[in-house]
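Residue strings, one per chain:
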Amino acid sequence: MTTPEQRASSLTVTAEEGPLPICFDAVQAYHGHGALAMLALTFQGLRGALPKLEQDGVPAPRKELSVISGHPGPGVRDAFEFVTRAVTRGCYTVDLTLPEARYSRGADKSYSFHLRRGARSVQGVLRPGVLPPEFFDLLGNPAPDAQRVHAELRRDIAARVIAAEPESLFDFLVTEGQD
């Protein structure tokens, strides 16, 4: 029996032999500690987006999912890869021109993504204020003290994000297009 905390930090896709529950701890073990805040945010973005791509209550098959991400970071990539295998399958694109959620003053990236299954797409856009200003202030600072503080902040953000509901972190928009 799963606890509410375990349910809150897991998602389900359909794999080769049926439903495959994936918990955040497994994704973190795959990634490591480097970009923990973005790993957690992307995982939660997937938790919010995937149910919108279900058909008749059946989780989306990972082999049918493609991703366009506005963020090139390793935490983002690793979360999408672990859950969807889109990088391995050649269905993962980074588009730095996505106009939404451009919160980082020093980098050309968007804190948004598009998850697509056939003709249906879910856009996830990180809400303003989810990442605190000090996250961006410390980003890329090479000073050892700044790196230590930023690592602690990333861990704190990840813990807060994993405890939250995806809809409190992201705005989700579902669109139907041509397959």
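Just above sits the structure.
As the structure is a computational prediction, the values presented were derived from the model and not from experiment.

A. Summary view of the pairing of strand 6 (residues 120–126). When you tally the buried positions in strand 6, you get six out of seven residues, the bulk of the element. Connecting the antiparallel pair strand 5 (residues 112–117) and strand 6 is a turn made up of two residues, with G118 showing a positive phi of about 60°. Bridge count between strand 6 and strand 7 (residues 170–176): seven bridges; the pairing is antiparallel. Each residue of the ladder has a partner; that of Q123, found in strand 7, is L173.

B. Spotlight on the packing of helix 3 (residues 36–49) against helix 4 (residues 74–84). Contact pair helix 3 / helix 4: the axes reach a minimum separation of 7 Å and the direction vectors enclose 40°. One finds that helix 3 runs oblique with respect to helix 4. The crossing of helix 3 and helix 4 is right-handed. Contact with helix 3, carried on its side by M38, L39, T42, F43 and L46, involves G75, V76, D78, A79, F80, V83 and T84 of helix 4 and no other residues of that element. A per-class count over the contact of helix 3 with helix 4 returns eight nonpolar, three polar and one charged.

C. Structural detail: the nonpolar core. Residues L11, L41, L50, Y111, L115, L131 and F135 are the most contacted members of the largest nonpolar core, which totals 47 residues. Considering each element in turn, this core owes the most residues, nine residues, to helix 3. Discounting chain neighbours no more than four positions away, the residues touching L41 are L126, V130, L131, V161 and F170.

Scoring rules and cut-offs
- Residues numbered from 1 in each chain as written.
- Predicted model: local features only at pLDDT ≥ 70, side-chain atom pairs only at ≥ 80, totals over all residues.
- Heavy atoms only, no water.
- Buried < 20%, exposed > 50% of the residue type's maximum accessible area, 1.4 Å probe, protein only.
- Helix = DSSP H or I, 4+ residues; strand = E, 2+ residues; numbered from the N terminus.
- Pairing = 2+ DSSP bridges.
- Axes fitted to C-alpha atoms, helices over the stretch in contact; angles between N-to-C directions.
- Parallel < 35°, antiparallel > 145°, perpendicular 65-115°, else oblique.
- Left-handed = near helix turned anticlockwise from the far one by under 90°.
- Contact = heavy atoms within 4.5 Å.
- Nonpolar A, V, L, I, M, F, W, Y, C, P; charged D, E, K, R; others polar.
- Core = buried A, V, L, I, M, F, W, Y, C linked by side-chain atoms within 4.5 Å.

Taken by themselves, the reported measurements are silent on function.
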